[in-house]
Amino acid sequence: MASAAIFSSLRRRRSPSLEAFLAPVDLTEVALVQTLATLSSELVSCYSSDVFFFQRRNSRSLIRKIEVFLLLLEYLRDSGSGSMSNLPSTAVLCFKELYLLLYRSKILLDYCSQSSKLWLLLQNHSISGHFHDLNQEISTLLDVFPIKEINLSDDVREQVELLQKQARKAKLYLDKSDENLRLRFFSFLDEFEHGRIPNHVELRLFFVERLGIKDAKSCRSEIDFLEEQIVNHEGDIEPTASVLNGFVAITRYCRFLLFGFEEDKLQLSFGNKKTPRKGLITREIASTFLTIPKDFCCPISLDMMRDPVIISTGQTYDRSSIARWMEEGHYTCPKTGQMLIHNRLVPNRALRNLIMQWCTAHGVPYDPLETTDASAESFAAALPIKATTEANRATATLLIQLLANGSQGAQTVAAREIRLLAKTGKENRAFIAEAGAIPHLRKLLSSSNPVAQENSVTAMLNLSIYEKNKSLIIDEDGCLGSIVEVLRLGLTTEARQNAAATLFSLSAVHDYKKRIADQGGAVEALAELLRVGTPRGKKDAVTALFNLATHLDNCARMIEAGAITALVGALESEGVEEEAAGALALIVRQPIGAEAVGKEETAVPGLIAMMRCGTPRGKENAVTALLEFCRTGGAATTKRVLKAPALAGLLQALLFTGTKRARRKAASLARVFQRCEYASLHFGELGVAYAFAGNSTMNNSSLPGDVSMSMSISVL
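Everything numeric in this text was worked out from a predicted model, so none of it was measured.

Undergrad: What's the story with the overall build of the chain in this structure? I'm lost.
TA: Of the regular secondary structure elements, the chain holds 38 helices and three strands. By the burial criterion, 52% of the 716 residues in the chain qualify as buried. Considering only intrachain contacts with a sequence separation of at least 6, the fraction spanning at least 24 residues in the chain is 74%. When the accessible surface of the chain is summed, it comes to about 32300 Å², and 53% of that surface belongs to carbon and sulfur atoms.

Below, the structure written as structure tokens:
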């Protein structure tokens, strides 16, 4: 399995020149010997110089074998005996096989010359095995090759026969010095695993002297390559992803320990974007022009699910997202808030088949993961090993020291790295906060450097996901005010959006909702972002406003800040209309809220339009908002709503075809209309529909949980 994964990786990392091997060509109709001679010559010329840091002996041995084949091919070409008609059929078959062997050789040699040093070191056994496999196939080819039936010079014949003998005797070769380095790398992992930080001198000797990693940029490249392998191999990898994460953590620690905090202008430049990983480009292009059905998207990541699974509450998520959610210490369903009875993940094969069919129909690449039902084992395998945590803890200590005492550029680097560390794992978020990062990040929120500000507010967002950190952020003097200032006047769109997301995260604690709403400019800035922000900014703003609306004492403040107008306007904005209707349903439960919504001319038409054309959840929230609006506003409000055209038909449709919750709310609203004196003239038949669908007990709860919402916090 590991061997197959490595070769798959070799294919993924082929160089552009390799397309010559992959071009559709019928080898029976071209000058076969000439083609092979040209390809062999290119390989020899490309790799004759010493371009290999690891696998030197295996690479040189393979090149020498190709040189002998080149000698043979050039002789046949130049002597005129290399045409298809002059060659025995067995020789032709051998040469066709040689074409494939040259193709595989180029993949392997490219891989060894282009991959990161640490990756090659970790894959020492596997890659050595690939060289041995090629040697075995070359030996088989030479055993079959009819050398006695072909006219060759004594010189060439002698070289080919010598190669044949050497190939038969060749054994798997593992370079002892490379293997010792690999074992040394594992020893560092073992030291961190046992709570010890490896000696500074030993780390320098290993990384700088032995591996030639001499600066921060090279170290960063090594880290990026290892992380790319973890993503690309998707669990089918040796060492396992959890062990590789440990090596990434060690290398990140050494980057700062050995090379300090060298400023990389390219990395810190405003607007710099990381190059998309290979294999994802076509998917990104496709998603630009297509709208993926919402049912195919994971409620946590909002991306199309590749391995949909069902949890104990009956909700479906992408396996990687829900596994990460559980690993971070959550015991509830992200969508419904219900407690999880167990952690088993059941594959949703029906949904996966639908996603595959949709992708096929629209030409979108889709490679479903091969999973087993042993989710407990796969979940345990994804857990971080202790060495990862300890290495990250050591790195965080260095970064926080820099936040406290470094230059502005170095502080920006530190904020970015803390942001990345806080992306995953509650352990990382816990010890970063415990080590004192929050006060220093708060100071950077006021930085005039847009990159520093963006990284610091995003680091604050990622830290706030861990429940115990919320109080540390809220209680830090001036921190909430600084976050609101970034929301209002942030130097980048990303910074303002992430400030809104941070407020949403903090408002998950009920006691903090009032403090956030009372912070000067907070609600106004959220309302402004909801009106004019990007789609993601609007989403962050509306979810934060929804959370604030669940606190009864915030209603007046939200009215004063113009949040009601923004929420009503959002009813017509795709992507946030459901949450906007949910927030309005909470606000109209108070008389001052119902009065404020009543002054908005487009409120009732907007909710009715959502009942007609919205999603199932949107229809639920819309009818709930109208129900609470009528209950709180009394007869006058009810009569106003009754004047809306086609409302009776929409209610009847919901009573028969809506979700269970929508039917319940529609039935309740029908009763409210029936009690209204004016309704007897216009809704006489509606009582029949209600009698059919309204036998179930009505839920008149005024709790926020009565509003349907699906929200999660993304780490950035």
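Next, the rest of the story.
Undergrad: Sorry, what's going on with the packing of aromatic side chains here?
TA: The relative placement of two aromatic rings is captured by the distance of their centres and the angle of their planes. With the rule as written, the count across this model stands at ten aromatic pairs. With a centroid separation of 5.3 Å and 25° between ring planes, the pair formed by F185 and F206 is classed as stacked. One end of the pair, F185, is in helix α9 (residues 176-193); the other, F206, is in helix α10 (residues 200-210), with 21 residues separating them in the sequence. In this structure F206 comes out as buried when scored by relative accessible area, which is 2%. Between the NZ or CZ atom of R57 and the centre of the ring of Y173, over which it lies, the distance is 4.0 Å. The positively charged end of K117 is found above the aromatic ring belonging to F53, 4.3 Å away from the centroid.

Undergrad: Explain the layout of surface pockets to me, please; I cannot follow it from the model alone.
TA: Empty space among the atoms can be located by rolling a probe the size of a water molecule over them. Taken as a whole, the second largest pocket spans an internal volume of roughly 470 Å³. If you trace the second largest pocket, you find 22 residues lining it, with S61, R64, K65, N135 and A170 closest to the centre. Those elements that place two or more of their residues in the lining of the second largest pocket are α4 (56-79), α7 (124-144) and α8 (154-169). Broken down by element, the lining of the second largest pocket gets its largest block of residues, seven residues, from α4. Residue classes in the lining of the second largest pocket are distributed as eleven nonpolar, seven polar and four charged.

Undergrad: Where do I start with the sheet that holds strand β3 (residues 346-347) in this structure?
TA: What holds strands together in a sheet is hydrogen bonding between their backbones, with the strands either parallel or antiparallel. Reading across from one edge, β2-β1-β3 is the order of the three strands in this open sheet, with antiparallel pairing throughout. Edge strands, defined here as strands with exactly one partner in the open sheet, are β2 (316-318) and β3. Both strand β1 (residues 308-310) and β2 contribute to a ladder of three bridges, which runs antiparallel. Bridge pairing in β2 links P308 to D318.

Undergrad: I keep staring at the packing of helix α34 (residues 616-642) against helix α36 (residues 660-675) and nothing clicks. Help me out?
TA: In a pair of packed helices, the angle between the axes and the distance between the axes together describe the arrangement. Interaxial distance between α34 and α36 falls to 9 Å at its minimum, and their mutual angle equals 5°. Judged on the interaxial angle alone, α36 and α34 are roughly parallel. Across the interface between the two elements, E620, N621, V623, T624, L626, L627, C630, R631, T638, V641 and L642 of α34 pack against R661, A662, K665, A666, S668, L669, V672 and F673 of α36. Per-class residue counts for the contact of α34 with α36 are eleven nonpolar, four polar and four charged.

Undergrad: Help me out: how do you make sense of unusual backbone geometry in this one?
TA: The phi dihedral of Q55 is positive, around 60°, even though this residue is not glycine. Within the element layout of this structure, Q55 appears in the loop between α3 (32-47) and α4.

Undergrad: When you look at the side chain of D178 in this model, what are you seeing that I'm missing?
TA: Within the secondary structure, D178 is located in helix α9. Although D178 lies buried, it forms no salt bridge, and the closest oppositely charged side chain, R56, sits 5.6 Å away as judged by the N-O distance. Contacts of D178, omitting those with residues within four sequence positions, involve F54, Q55, L121 and N124.

Undergrad: What's the story with the pattern of salt bridges in this structure? I'm lost.
TA: Any two side chains of opposite charge can pair, on the condition that their charged atoms come close. The tally for this structure, following the rule as stated, stands at 30 salt bridges. Here E417 and R220 are joined by a salt bridge, their closest N and O atoms 3.5 Å apart. With E417 in helix α19 (residues 408-421) and R220 in helix α11 (residues 216-233), the pair connects residues that are 197 residues apart, well separated along the chain. R220 matches E417 in its accessibility class, with the two residues each being buried.

Undergrad: How should the environment of E467 be read in this particular structure?
TA: Relative to the elements of secondary structure, E467 occurs in helix α23 (residues 467-475). Note: C-alpha distance between E467 and K426 (41 residues apart in sequence) is 9.1 Å.

Undergrad: I keep staring at a negative patch on the surface and nothing clicks. Help me out?
TA: A grouping of D154, D155, E158 and E161 is seen on the molecular surface, where their side chains present a negatively charged patch. Assignment of secondary structure puts E158 in helix α8. Judged by relative accessible area, which is 52%, E158 ranks as exposed.

Undergrad: Just checking my understanding: could you explain the packing of helix α27 (residues 522-532) against helix α30 (residues 563-570) for this structure?
TA: Orientation of α27 relative to α30, taken along the N-to-C sense of each, is 20°, at an axis distance of 9 Å. Between α27 and α30, the interaxial angle falls into the category roughly parallel. As for the relative orientation of α27 and α30, their crossing is left-handed in sense. On α30, the residues that touch V523, A527, L530 and R531 of α27 are A563, A566, L567 and A570. For the contact of α27 with α30, the residue count by class is seven nonpolar, no polar and one charged.

Conventions and cut-offs
Residues numbered from 1 in each chain as written. Predicted model: local features only at pLDDT ≥ 70, side-chain atom pairs only at ≥ 80, totals over all residues. Heavy atoms only, no water. Helix = DSSP H or I, 4+ residues; strand = E, 2+ residues; numbered from the N terminus. Buried < 20%, exposed > 50% of the residue type's maximum accessible area, 1.4 Å probe, protein only. Contact = heavy atoms within 4.5 Å. Areas by Shrake-Rupley, 256 points an atom, 1.4 Å probe, with all protein chains shown as cover. Phe/Tyr/Trp six-rings, centres within 6.5 Å; stacked < 30°, edge-to-face > 60°. Lys NZ or Arg CZ within 6 Å of the ring centre and 35° of its normal. 1 Å grid on protein atoms, 1.4 Å probe; cavity = no way out; pocket = protein on both sides within 12 Å on 5 of 7 lines; lining within 4 Å. Points joined across faces, edges and corners; volume = space filled by probe spheres on them. Nonpolar A, V, L, I, M, F, W, Y, C, P; charged D, E, K, R; others polar. Pairing = 2+ DSSP bridges. Axes fitted to C-alpha atoms, helices over the stretch in contact; angles between N-to-C directions. Parallel < 35°, antiparallel > 145°, perpendicular 65-115°, else oblique. Lys, Arg positive; Asp, Glu negative; His and termini not counted. Salt bridge = Lys/Arg side-chain N within 4 Å of Asp/Glu carboxyl O. Patch = residues over 30% accessible without salt bridge, like charges linked within 9 Å, V, L, I, M, F, W, Y side chains within 5 Å. Charge placed at Lys NZ, Arg CZ, Asp CG, Glu CD. Left-handed = near helix turned anticlockwise from the far one by under 90°.

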